[in-house]
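What follows is the residue order along each chain.
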Amino acid sequence: MSSSQKTAILSVYNKTGLLDLANGLAQQGIRLLASGGTAKLIREAGIKVEDVSSITHAPEMLAGRVKTLHPAVHAGILARDLESDEKDLAEQNIDKVDYVVCNLYPFKDTIAKINVTIAEAVEEIDIGGVTLLRAAAKNHSRVAILSDPADYPSFLEELRKGDREVSEASRKLYALKAFEHTTDYDAAIAEFFRKRYAGDGVQQLTLRYGANPHQKPAQAFVESGKIPFKVLSGSPGYINLLDALNSWPLVKELKESLNLPAAASFKHVSPAGAAVGLDDSPLACAYARARGADRMSSFGDWIALSDEVDTVTAKIIGREVSDGVIAPSYSPEATLFFRLILTMSLQASKPANPDYRLPPPALIDLTVATIALKYTQSNSVCYAKNGQIVGLGAGQQSRIHCTRLAGDKADNWWFRQHPRVLDIKWKKGTKRPDKSNAIDLFVSGLVPKKVEGNPEREQYESAFEEVPIDFTPEERKEWMDQCTDVSASSDAFFPFTDNVFRAHASGVKYIAAPGGSVMDQAVHEAADKCGMVFVHQETRLFHH
Ligand code: 5GP
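Residues numbered from 1 in each chain as written. Predicted model: local features only at pLDDT ≥ 70, side-chain atom pairs only at ≥ 80, totals over all residues. Heavy atoms only, no water.

Q: Which parts of the structure should I look at to understand the overall build of the chain?
A: Looking only at helices and strands, the chain has 21 helices and 20 strands in total. Since a compact globule built from 544 residues should have a radius of gyration of about 24 Å, the 33 Å found for the chain marks it as more spread out than a globular shape. Sorting the 544 residues of the chain into buried and exposed places 49% on the buried side. By sequence separation, contacts in the chain at least 24 residues apart represent 58% of the contacts at least 6 residues apart. Here the chain displays about 26700 Å² of accessible surface, and carbon together with sulfur accounts for 54% of that area. Where the 62 positive side-chain charges of the chain centre and where its 69 negative ones centre are 2 Å apart. (Helix = DSSP H or I, 4+ residues; strand = E, 2+ residues; numbered from the N terminus. Rg over C-alpha atoms; globule rule 2.2 N^0.38 Å. Buried < 20%, exposed > 50% of the residue type's maximum accessible area, 1.4 Å probe, protein only. Contact = heavy atoms within 4.5 Å. Areas by Shrake-Rupley, 256 points an atom, 1.4 Å probe, with all protein chains shown as cover. Lys, Arg positive; Asp, Glu negative; His and termini not counted. Charge placed at Lys NZ, Arg CZ, Asp CG, Glu CD.)

Set out below in structure tokens:
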């Protein structure tokens, strides 16, 4: 049984449960020291308590700015059970403190008030309380720090049962809570001043909303320096921001790897398409291909472009429905075409060295596919051809489902190049998204049945001047056989050979994946049998 005098310091803004706690402590013979308002309340309840000034021998000053900030308090809290610390305390005639009870000024409540001034907020920045919490939490090997009134009853119970001792496990949890209390408090202070002093768009950016429109307020910020992009027009939401921060490094990395202008078309933080440009208007070509990879998914996309946006590119974008664009810069005419524009510059890591034994087009395609996967929600598999994504399967829990999804999209892309699609006679006035939807049904073999009173069929037919004739299975096979030299990349190993066979069915000749599966050898053998080149790349590319 510990016989020495135990001491508690109490200094709380939120006085909930205070009197029960003080009473419980006093009943166990614990000496109570408290700051002004806290001491007053305890005293008025008829419980014996001393002012902190009885040990500091200094009055509270500066209208409460200095109350407990004194070596007599903090040496008492921070002292360890070491001979040297005991000696220091004895020389200064300071007693050890065993328990600290503290919660902080209501900074958050104050700044939540409309039209709060900086002076009002400043007065709510607690100094001594944070120091009490931090000192006691630091020395939790000896001191118990209570920062949450909800803990008072169990704390008293433990004191009673343990003869005024608090177990190590409880002290650890109390210390953690105290650190979290001060962290939360400091974050609120930093946020307040970031908004006031760093200005919107410099270190902090107010977002239109969070992931969904009802999630307001929302913001993005960096803890130091400036946010690495600038909003030129419009107001991004959280998902726009995620798209921007994922799509920009993708195009930057493609450009750095292949030295070709690159574009990406993102939806829900994964690329629906990405491509490099090869023609006369390379950036415009890159975006047209990125958008063309999966036109349906790209509806309302987020666009990333590796180079300054020129008028040709802007005109192509202007014809589509898109949410926003991120690019290093914009020609003055180009800006006229956009509703929401961000510019930013970010550093992206360099990709691993590619395997130069591949023919250059395959090298480009595998690079495009693999870099795209780095910025795609996993699991993911990507097919590419002619420097553009042609099929991307993202966010599936099973690898074969990614491979199938990407393969089905690649087949769909290939069928969209079929002369029968290119020759479709559209009814005048059919909108671009309606054309995309009708083509998608047509090429994927999901044409609604021609039966009396089928509204889906009626809608389908209404898009055409002349309804195209469905593909027969033979026609499908014949056209599919002409799709060759496709590349495919996987963000992690193939656990079964089925992935290789599925890719082969979509004309894949070059396939890249990390190793590590017990099935690696079987997968490589399957690729050999299909006449494919298997590139074993070193790095798994999971991304979330
Ligand atoms: P009381 O109501 O006891 O006068 O004050 C309690 C509040 O004062 C607590 O929220 C505590 O965090 C805070 N506090 C304790 N010591 C100091 C100090 O030295 N300076 C300042 N600014 N606040 C303190």
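Q: Explain the side chain of Ser170 here, please?
A: Structurally, Ser170 is set in helix H10 (residues 168–198). Of note is the side chain of Ser170, whose polar atom sits 2.7 Å from the side chain of Glu158. (Polar contact = N/O pair within 3.5 Å; in protein donor to acceptor, adjacent residues only side chain to side chain.)

Q: Looking at this structure, I do not really get the pattern of salt bridges. What am I missing?
A: If charged atoms from side chains of opposite charge come close, those side chains can pair. Summed over the entire model, instances satisfying the criterion amount to 33 salt bridges. Of the charged contacts, one joins Glu320 and Arg295 as a salt bridge, the two residues approaching to 3.1 Å between their closest N and O atoms. With Glu320 in the loop between helix H13 (311–319) and strand S12 (322–327) and Arg295 in the loop between helix H12 (282–292) and strand S11 (301–305), this residue pair connects regions lying 25 residues apart in the sequence. In this structure Glu320 comes out as buried when scored by relative accessible area, which is 12%. (Salt bridge = Lys/Arg side-chain N within 4 Å of Asp/Glu carboxyl O.)

Q: Even after reading the chapter, I still don't get the domain arrangement of the chain, so can you show me in this structure?
A: Accessible area lost when the parts come together is the quantity often used to give the size of an interface. Segmenting the chain into domains produces domain 1 (7–196), domain 2 (233–344) and domain 3 (358–407 + 472–543). In this structure, domain 1 and domain 2 have C-alpha centres spaced 54 Å apart. (Domains from an automatic or database assignment.)

Q: Before we go on, may I ask you to explain unusual backbone geometry in this structure?
A: The phi torsion of most residues other than glycine is negative, and most of the peptide bonds are trans. Of note, the bond from Lys216 into Pro217 is cis; its omega dihedral lies within 30 degrees of zero at -5 degrees. The backbone phi angle of Leu62 is positive, close to 55 degrees, even though this residue is not glycine. With respect to the element layout, Leu62 can be found in the loop between helix H3 (53–56) and helix H4 (71–78). Phi angles above zero are rare outside glycine, and Asp485 is one such case at about 55 degrees. Mapping Asp485 onto the fold places it in the loop between helix H19 (473–481) and strand S18 (486–490).

Q: Hey, could you run me through H13 in this one?
A: An α-helical turn contains 3.6 residues, so a residue and the one three or four places further along point in the same direction. Residues of H13 that are buried include every one of Thr313, Ala314 and Ile317, and no others. The buried residues of H13 occupy one face: seen down the axis, they fall within an arc of 100 degrees. Buried residues along H13 sit in contact with H12, S11 and S12. (Arc of directions from axis to C-beta.)

Q: Would you explain the packing of aromatic side chains in this entry?
A: Two numbers describe a pair of aromatic rings. These are the distance of the centres and the angle of the planes. Taken as a whole and assessed by the stated rule, the structure comprises 14 aromatic pairs. Geometrically, the ring pair formed by Phe415 and Phe471 is edge-to-face, given 5.1 Å between the ring centres and 65 degrees between the ring planes. With Phe415 in helix H15 (residues 399–415) and Phe471 in the loop between strand S17 (464–466) and H19, this residue pair connects regions lying 56 residues apart in the sequence. A relative accessible area of 3% means that Phe415 is categorised as buried. With relative accessibility at 11%, the residue Phe471 sits in the buried group. Grouped by ring-pair contacts, the aromatic residues Phe107, Tyr185, Phe192, Phe193 and Tyr197 constitute a single cluster. Above the face of the Phe221 ring, Arg194 is positioned so that its terminal group lies 3.7 Å from the ring centre. The ring centre of Phe415 lies 4.8 Å from the NZ or CZ of Arg476, which sits over that ring. (Phe/Tyr/Trp six-rings, centres within 6.5 Å; stacked < 30°, edge-to-face > 60°. Lys NZ or Arg CZ within 6 Å of the ring centre and 35° of its normal.)

Q: Please clarify how the pairing of strand S2 (residues 31–34) should be interpreted in this entry.
A: Where a strand is regular, its side chains alternate between the two sheet faces. What you see with S2 is no split at all: Arg31 and Leu33 on one side and Leu32 and Ala34 on the other are buried throughout. Traced from strand S1 (residues 7–12) through helix H1 (residues 18–27) to S2, the parallel crossover comes out right-handed. Sheet topology places S2 next to strand S3 (residues 50–51); 2 bridges connect them, and they run parallel. By the bridge assignment, Ala34 is partnered in S3 with Asp51. (Right-handed = clockwise from strand over helix to strand, strands pointing away. Pairing = 2+ DSSP bridges.)

Q: Would you explain the environment of Phe192 in this entry?
A: Mapped onto the elements of the fold, Phe192 is located in helix H10. Taking the C-alpha atoms as reference points, Phe192 and Phe107, separated by 85 residues in sequence, lie 9.8 Å from one another.

Q: It is not clear to me how the site of the ligand should be interpreted in this structure. Could you clarify?
A: What surrounds the ligand is a group of 22 residues, the closest being Ser35, Thr38, Thr68, Asn103 and Asp126. Here an oxygen atom of the ligand and a backbone polar atom of Tyr13 are 3.3 Å apart. Asn103 places a polar main-chain atom, nitrogen or oxygen, 2.7 Å from an oxygen atom of the ligand. The protein chains hide 95% of the 520 Å² of surface that the ligand would expose on its own. Looking at the shell around the ligand, the elements with two or more residues in it are S1, helix H2 (36–44), strand S4 (99–103) and helix H8 (128–138). Here the shell around the ligand takes 3 residues from H2, the largest share from any one element. (Near = heavy atom within 4 Å.)

Q: How should the sheet that holds S3 be read in this particular structure?
A: The 5 strands are arranged S3-S2-S1-S4-S5 in an open sheet whose pairing can be described as parallel. With partners counted over all chains shown, the strands left at the sheet margins are S3 and strand S5 (144–146), one partner each. Along the sheet, helix H9 (residues 152–161) contacts S1, S4 and S5; its crossing angle with S4, the most-contacted strand, is approximately 175 degrees. (Axes fitted to C-alpha atoms, helices over the stretch in contact; angles between N-to-C directions.)

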